[in-house]
Amino acid sequence: MQHTPEAATYHASPFRRDDRPLVWAHRGASAYAPENTAPAFELARRQGADGIECDVMRCGSGELVVCHDERLDRLCGIPVAVRELPLAELRRLPVLAARFPGAGGTIPTFEEAVEVAGPAMRWNVELKVDRHADAEPLARAAAAAVARLGLEERVLASSFHPLALLTLRTAAPALPTAYLWEGDGAVLGTWHRAWGRITATAAVHPEHRLVDEAAVRRWHRAGLLVNTWTVDEPEELLRLRAAGVDGVITNRPDVAIATYTP
Ligand code: G3P
Ligand code: CA
């Protein structure tokens, strides 16, 4: 049975719902369309996702673009870093064309992604930091984009990188932040808990195998939502709902919604 969170802040959050965990489309509906592209975001909206998780970084001409990998080898088949290419060149490169022939996805700006998903979509914007020196400028660019696009009520920012989140806490103090981490042993677990307390104002985003009911209860007592990733299988989706999570980040929003729909 799902427990009731104690922290009051929690109930007012736009990033939770009472009937089931929020379903976040991981890089869009990325099981079915090229990740982090307009077709994946459009499909996430059509499948009824409550929100979209996307990865952002700055390209060679400085724009905030939506892309997971530091380099373009896997996504576009070219051995170049995203930070080295201007937007005009990035736009010409099809993403995962071999896996999704004819899908037409290319790397969008964050602004284009928001436009395609419509005015009601929530966004979990993950700040992807591959070099420490990029953390602060990236966070400042993300804070500026959120303000310029008027997305303060619809964006939850997350990162594996503490400096990116700390920068947001001063550049955009009202923007909700989530600390993100993946599986490791007990010692590093303690270290991550400490970073989470410093950097997260709204949520924690642990990898799904780190989540059980006791852990969720502890995070809730700290007033933090719990969104977990990446979960595509019905059995695990149901286990996590029973543990009390507030959101699941999934490549298959249609499967998650069907699993949670009576
Ligand atoms: O935000 C959750 C998840 O996306 C983090 O891992 O590598 O898929 O960005 P990754
Ligand atoms: Ca991500």
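Look up: the structure comes first, before these words.
In this text the structure is predicted, and so the values were computed from the model without any measurement. (Residues numbered from 1 in each chain as written. Chains lettered and ligands numbered in written order. Predicted model: local features only at pLDDT ≥ 70, side-chain atom pairs only at ≥ 80, totals over all residues. Heavy atoms only, no water.)

Draft legend 1. Representation of the overall build of the chain within the structure. Counting its secondary structure elements, the chain contains 10 helices and 9 strands. A globule of 262 residues ought to have a C-alpha radius of gyration of about 18 Å, and the chain, at 17 Å, matches this closely. Structurally, the chain occupies a C-alpha span of about 50 × 40 × 35 Å along its principal axes. For the chain, the proportion of its 262 residues judged to be buried stands at 54%. Of the accessible surface of the chain, which amounts to about 11,400 Å², a share of 55% is contributed by carbon and sulfur atoms. In the chain, 29 positive and 34 negative side-chain charges are present, and the distance between their average locations comes to 2 Å. (Helix = DSSP H or I, 4+ residues; strand = E, 2+ residues; numbered from the N terminus. Rg over C-alpha atoms; globule rule 2.2 N^0.38 Å. Buried < 20%, exposed > 50% of the residue type's maximum accessible area, 1.4 Å probe, protein only. Areas by Shrake-Rupley, 256 points an atom, 1.4 Å probe, with all protein chains shown as cover. Lys, Arg positive; Asp, Glu negative; His and termini not counted. Charge placed at Lys NZ, Arg CZ, Asp CG, Glu CD.)

Draft legend 2. Region of the structure containing the coordination of the calcium ion (ligand 2). Donor atoms from the polypeptide that bind the calcium ion (ligand 2) are Glu53 (OE), Asp55 (OD) and Glu126 (OE), placed at 2.1 to 2.3 Å. Between consecutive donor residues of the calcium ion (ligand 2), the sequence gaps follow E-x1-D-x70-E. Residue Asp55 is found in strand 2 (residues 51-58), and its partner Glu126 is found in strand 4 (residues 122-127); the two are separated by 71 residues along the sequence. Residue classification places Asp55 among the buried positions, given a relative accessible area of 1%. (Donors = N, O, S within 2.8 Å, 3.2 Å for Na, K, Ca; no water.)

Draft legend 3. Up close: the nonpolar core. Val56, Phe110, Trp123 and Leu127 are the most contacted members of the largest nonpolar core, which totals 56 residues. Looking at which element gives the most residues to this core, the answer is helix 5 (residues 135-149), with 7 residues. Those residues in contact with Trp123 that lie beyond four places of it in its chain are Trp24, Phe41, Ile52, Cys54, Phe110, Ala113, Val114, Ala117, Arg154, Val155 and Leu156. Counting 16 residues, the second largest nonpolar core, distinct from the first, contains Val82, Leu85, Leu90 and Leu93. (Core = buried A, V, L, I, M, F, W, Y, C linked by side-chain atoms within 4.5 Å. Contact = heavy atoms within 4.5 Å.)

Draft legend 4. Broad picture of empty space enclosed by the protein. Applying the stated criterion across every chain yields a total of 1 cavity of 30 Å³ or more. The volume enclosed by the largest cavity comes to roughly 40 Å³. In this structure, the largest cavity is lined by Glu35, Asn36, Val66, Cys67, His68, Leu75, Val95 and Ile107. Here the residues of the lining of the largest cavity sort into 5 nonpolar, 2 polar and 1 charged. (1 Å grid on protein atoms, 1.4 Å probe; cavity = no way out; pocket = protein on both sides within 12 Å on 5 of 7 lines; lining within 4 Å. Points joined across faces, edges and corners; volume = space filled by probe spheres on them. Nonpolar A, V, L, I, M, F, W, Y, C, P; charged D, E, K, R; others polar.)

Draft legend 5. Geometry of a nonpolar patch on the surface. Together, Leu163, Leu166 and Ile198 line one region of the surface with nonpolar side chains, adding up to about 220 Å² of accessible area. Mapped onto the fold, Ile198 is located in helix 7 (residues 186-199). (Patch = residues over 30% accessible without salt bridge, like charges linked within 9 Å, V, L, I, M, F, W, Y side chains within 5 Å. Salt bridge = Lys/Arg side-chain N within 4 Å of Asp/Glu carboxyl O.)

Draft legend 6. Looking closely at the packing of helix 5 against helix 6 (residues 162-171). Two elements in contact, helix 5 and helix 6, have axes separated by 8 Å at closest approach and are oriented at 45°. The angle between helix 5 and helix 6 falls in the class oblique. Handedness of the crossing formed by helix 5 with helix 6: right-handed. When helix 5 is examined against helix 6, the residues Ala135, Glu136, Ala139, Arg140 and Ala143 are found in contact with a partner set consisting of Leu163, Ala164, Thr167, Leu168 and Ala171. Broken down by class, the residue content of the contact of helix 5 with helix 6 amounts to 7 nonpolar, 1 polar and 2 charged. (Axes fitted to C-alpha atoms, helices over the stretch in contact; angles between N-to-C directions. Parallel < 35°, antiparallel > 145°, perpendicular 65-115°, else oblique. Left-handed = near helix turned anticlockwise from the far one by under 90°.)

Draft legend 7. Spotlight on the packing of aromatic side chains. Applying the stated criterion across every chain, the model contains 7 aromatic pairs. Consider the rings of Trp181 and Trp219, whose centres lie 5.7 Å apart with planes at 75°: the pair is edge-to-face. Here the residue Trp181 occupies a position in strand 6 (residues 177-181), and Trp219 occupies one in helix 8 (residues 213-221), the gap between them amounting to 38 residues. Through a chain of ring-to-ring contacts, three or more aromatic side chains come together here, namely Phe41, Phe110 and Trp123. (Phe/Tyr/Trp six-rings, centres within 6.5 Å; stacked < 30°, edge-to-face > 60°.)

Draft legend 8. Up close: the site of ligand 1. In the vicinity of ligand 1, the contacting residues are His26, Arg27, Glu53, Asp55, His68, Glu126, Lys128, Phe160, Leu180 and Trp229. Asp55 has a polar side-chain atom sitting 3.3 Å from an oxygen atom of ligand 1. Here His68 contributes a side-chain N or O atom positioned 2.7 Å from an oxygen atom of ligand 1. Per-class residue counts for the shell around ligand 1 are 3 nonpolar, 2 polar and 5 charged. (Near = heavy atom within 4 Å. Polar contact = N/O pair within 3.5 Å; in protein donor to acceptor, adjacent residues only side chain to side chain.)

Draft legend 9. Seen up close, a positive patch on the surface. A cluster of basic side chains, namely Arg193, Arg197, Arg218 and Arg221, defines a positive patch on the protein surface. Secondary-structure elements contributing two or more residues to the positive patch are helix 7 and helix 8. The class for Arg197 is exposed, based on a relative accessible area of 64%.

Draft legend 10. The packing of helix 9 (residues 234-243) against helix 10 (residues 253-260), seen in detail. Relative orientation of the contacting elements helix 9 and helix 10 amounts to 55°, with a least axis distance of 10 Å. What the angle tells us is that helix 9 and helix 10 run oblique. The hand of the helix 9/helix 10 crossing is right-handed. In this structure, helix 9 contributes Pro234, Leu237, Leu238 and Arg241 to the contact, and helix 10 contributes Val255, Ala256, Thr259 and Tyr260. Of the residues contributing to the contact of helix 9 with helix 10, the split by class is 6 nonpolar, 1 polar and 1 charged.

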